Amino acid sequence: MSQLPLQETRTTDSAIDRALLEWAAVVGREHVIDNAAALAEARTATFATSQATPAILRPADRSQVQECVRIANRIGIPLYPISSGKNWGYGSRVPTADGSVLLDLSRMNRIVDFSEDLAYATVEPGVSQRQLYAFLRERGSRLWIDATGASPDCSLIGNTMERGFGHTPYGDHFAQVCGLEVVLPDGQCIETGFARYAGAKAAPLNRWGLGPTLDGLFSQSNLGIVTRMTIWLMPAPECFQSFCCRCDGEGGISELIDALRPLRLDGTLRSTIHIGNDYKVISAIRQYPWDEMGGETPLGGPAWAKLRKQFNIGSWNASGGLYGTRAQVAEARRLVRRALAGKVDKLQFLDDRMLRIATRFARPYGWFTGWDLSRTLELLRPVYGLMQGVPTEHPLSSAYWRKRTPPPERMDPDRDACGLLWCSPIAPATGEHALQLTRIGYRVLLEHGFEPAISISMVSERSLACVISITYDRDLPGEDERASRCHDELKRRLAEKGYYPYRLDIRSMGAMDGQPAYADLLRNIKLALDPTNVLAPGRYITGA
Ligand SMILES: Cc1cc2nc3c(=O)[nH]c(=O)nc-3n(C[C@H](O)[C@H](O)[C@H](O)COP(=O)(O)OP(=O)(O)OC[C@H]3O[C@@H](n4cnc5c(N)ncnc54)[C@H](O)[C@@H]3O)c2cc1C
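Conventions adopted
- Residues numbered from 1 in each chain as written.
- Predicted model: local features only at pLDDT ≥ 70, side-chain atom pairs only at ≥ 80, totals over all residues.
- Heavy atoms only, no water.
- Near = heavy atom within 4 Å.
- Polar contact = N/O pair within 3.5 Å; in protein donor to acceptor, adjacent residues only side chain to side chain.
- Areas by Shrake-Rupley, 256 points an atom, 1.4 Å probe, with all protein chains shown as cover.
- Helix = DSSP H or I, 4+ residues; strand = E, 2+ residues; numbered from the N terminus.
- Nonpolar A, V, L, I, M, F, W, Y, C, P; charged D, E, K, R; others polar.
- Expected span 1.5 Å × (residues − 1).
- Buried < 20%, exposed > 50% of the residue type's maximum accessible area, 1.4 Å probe, protein only.
- Contact = heavy atoms within 4.5 Å.
- Phe/Tyr/Trp six-rings, centres within 6.5 Å; stacked < 30°, edge-to-face > 60°.
- Lys NZ or Arg CZ within 6 Å of the ring centre and 35° of its normal.
- Pairing = 2+ DSSP bridges.
- Axes fitted to C-alpha atoms, helices over the stretch in contact; angles between N-to-C directions.
- Core = buried A, V, L, I, M, F, W, Y, C linked by side-chain atoms within 4.5 Å.
- Left-handed = near helix turned anticlockwise from the far one by under 90°.

Draft legend 1. Here's a closer look at the site of the ligand. Taken together, 31 residues form the shell around the ligand, and within it Ser83, Ser84, Lys86, Arg503 and Arg539 come nearest. Asparagine 87 places a main-chain nitrogen or oxygen 3.3 Å from an oxygen atom of the ligand. Asparagine 159 has a polar side-chain atom sitting 2.9 Å from an oxygen atom of the ligand. Relative to its unbound accessible surface of 960 Å², the ligand loses 96% to contact with the protein. Mapped by element, the contributors of at least two residues to the shell around the ligand are β3 (79–82), α5 (156–161), β10 (225–232) and β16 (418–423). When the residues that make up the shell around the ligand are grouped by side-chain class, the tally is 16 nonpolar, eleven polar and four charged.

Draft legend 2. Region of the structure containing helix α13 (residues 479–496). Between its terminal C-alpha atoms α13 stretches 26 Å, which fits the 26 Å expected from 18 residues at 1.5 Å a residue. Those residues of α13 that fall on the buried side of the exposure criterion are Glu479, Asp480, Ala483, Cys486, His487, Glu489, Leu490, Lys491, Arg493 and Leu494. Residues of α13 that are buried sit in contact with β16, α12 (431–447) and β19 (463–473). The positive-phi residue at the C-terminal boundary of α13 is glycine 498, with phi of around 95 degrees.

Draft legend 3. Inspection of the packing of aromatic side chains at higher detail. Across all of its chains, the model carries 13 aromatic pairs by this definition. Measuring from ring centre to ring centre gives 6.2 Å for tryptophan 144 and tyrosine 323, while their planes differ by 70 degrees; the resulting arrangement is edge-to-face. Of this pair, tryptophan 144 sits in strand β7 (residues 143–144) while tyrosine 323 sits in strand β14 (residues 316–324), and the two are 179 residues apart along the sequence. Each member of the pair, tryptophan 144 as well as tyrosine 323, is classed as buried. An aromatic cluster of three or more residues is present, and its members are Trp144, Phe240, Tyr323 and Tyr384. The ring of tyrosine 133 carries arginine 137 above its face, with NZ or CZ at 5.3 Å from the centroid.

Draft legend 4. How the structure looks around the sheet that holds strand β2 (residues 56–57). Spatially, the four strands line up as an open sheet ordered β1-β2-β4-β3, and their pairing is mixed. The open sheet is flanked by β1 (32–33) and β3, the only strands paired with a single partner. As paired elements, β1 and β2 share two bridges and run antiparallel to each other. If you follow valine 32 over to β2, its bridge partner there is leucine 57. Those strands touched by helix α3 (residues 62–75) are β2, β3 and β4 (101–104), and its axis lies near 155 degrees from that of β3.

Draft legend 5. Layout of the nonpolar core. Core analysis: the largest hydrophobic core is formed by 64 residues, its most contacted members being Leu256, Ile275 and Ile456. Among all residues touching isoleucine 456, those that are not within four sequence positions of it are Ile253, Ile257, Ile273, His274, Ile275, Trp316, Ala434, Thr438, Leu464, Ala465 and Cys466.

Draft legend 6. Layout of the packing of helix α6 (residues 252–265) against α12. Relative orientation of the contacting elements α6 and α12 amounts to 145 degrees, with a least axis distance of 7 Å. Both α6 and α12 take part in a crossing whose hand is right-handed. Residues Ile253, Ser254, Ile257, Asp258 and Arg261 of α6 lie in contact with α12, whose contacting residues are Gly431, Glu432, Ala434, Leu435 and Thr438. Residue composition of the contact of α6 with α12, grouped by class: four nonpolar, three polar and three charged.

Draft legend 7. Structural context of unusual backbone geometry. In this structure, the amide linkage connecting threonine 297 to the following residue, proline 298, adopts the cis form with an omega of -5 degrees. Position of proline 298 among the secondary structure elements: in the loop between α7 (278–285) and α8 (301–310). Of note in this structure, asparagine 312 is not a glycine but carries a positive phi near 60 degrees. Positionally, asparagine 312 belongs in the loop between α8 and β14. We classify asparagine 312 as buried; its relative accessible area is 18%. With phi around 40 degrees, alanine 536 is a residue other than glycine that occupies positive phi space. In this fold, alanine 536 is placed in the segment after α14 (516–529). Note on alanine 536: relative accessible area 2%, which makes it buried.

Shown next, in the form of structure tokens:
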């Protein structure tokens, strides 16, 4: 078996000083950041980490990235690329290996190509969801982006490289991109697909190109720095409606998944269906009810029941979008209604008009029914927007669930010591698997004193992406350790049953090798591309 050099990450002061001087000559002294406050921020995530970073480099373009990589190689100091560095719940911008210099690509924020007719945009790593969304709206474009529930300021490339997902029919992000421009660990640059041929007209339109296709090598890996990517955009449909429903009891989730899967498979439902349990929904609406719970955790008993009633929340709460012509949406509505008949409570369809009416009558409705419809609408509106690719800040407040002070106007979970550690297993899209997986989540989190806030997303036709959130207050002594133990046990118990995460937090990288031959192959590819292990050591592909 080939081995990577063991320790490229420990560097002498003189080496780092020399490198800083050389990098400064490339990117400009003001874009080499090494002040203590910025470095302290850079090593702070939403859970305990120990990796320190000696500096942050902020290149302005691809050629500067290439030069930075060449210097890193020559002097032997590892680089860790980030796009916007908001990988909350999985490690934020903290590098996987101690001593790595952060390569912050957020200054590279140009939209370099756009076609309304062919529905794509080519972007650099610093382009955020907010930026592309605004770009399209300013032009009166008929195209939609797909947005995640993370901040509007999150990068499109950073999220896609982690294979993140959103809420529209283009929700599986890595499935909607092509033509990656990648700086390799030796400083050379390649483009994937047809872009490798001079003047290739279909470069931003066709993923496969000719011969072996390489795109996958650069997502969830440490084999290259993506400096450009073409993202396909969704033409706005003639008609959009959303639906939501709830069900109760443990078996509710099972029936719901089995009823929705055929509609996802036959194309009636084309977008991610998002299903959150009561804990998940409550934590998106408000903070922990410390007073009602007398300071005790986890949430349960009468206080929990009261909140469920107040916001009209079921054990499981599903929402999804219907897209197409008016006739297609009407037919989809009929099929959804038929599939869910007798299986769910309160199936409701919503469009712009109904949302306006509900907003107008929310308060009087609450007086008669006791249901706090205004607060429910506060949650519904951003979710409704996400289904149309409208980025939102709103879900980020859930990171402050266990904090004793309200979320500030400018939320920053790293700075505000919000504890957030996510475990995101994938399971087959059947009710039985959803049940097994969520049972494990409930058991382990409650045993460790956390609320099992769980979402299940039907991102694709055949599998479920489940996100189990461990949310806590990092300011409380011992909580980081407790969350970490809980997360480790959760991951272990899920893996025992065959449920593996679609994405890893930086604590877990290195522990998910799988088949020895597969791990060896990855290591050999890494060795071939990055013999000095200079790029993001330990990220997904483990060293020796
Ligand atoms: C409340 C909340 C809701 C969230 N909702 C969602 C959601 O709906 N969907 C979802 O997917 N995530 C979600 N997240 C998780 C996370 O915040 C997002 O995935 C976010 O987009 C990732 O951060 P980023 O875009 O800043 O990427 P970055 O942090 O910049 O990048 C992520 C990782 O990818 C690698 N990388 C970045 N750029 C490059 C590059 N150019 N070349 C090579 N490698 C690179 C780096 O290793 C980096 O650590 C949510 C988080 C919170 C707190």
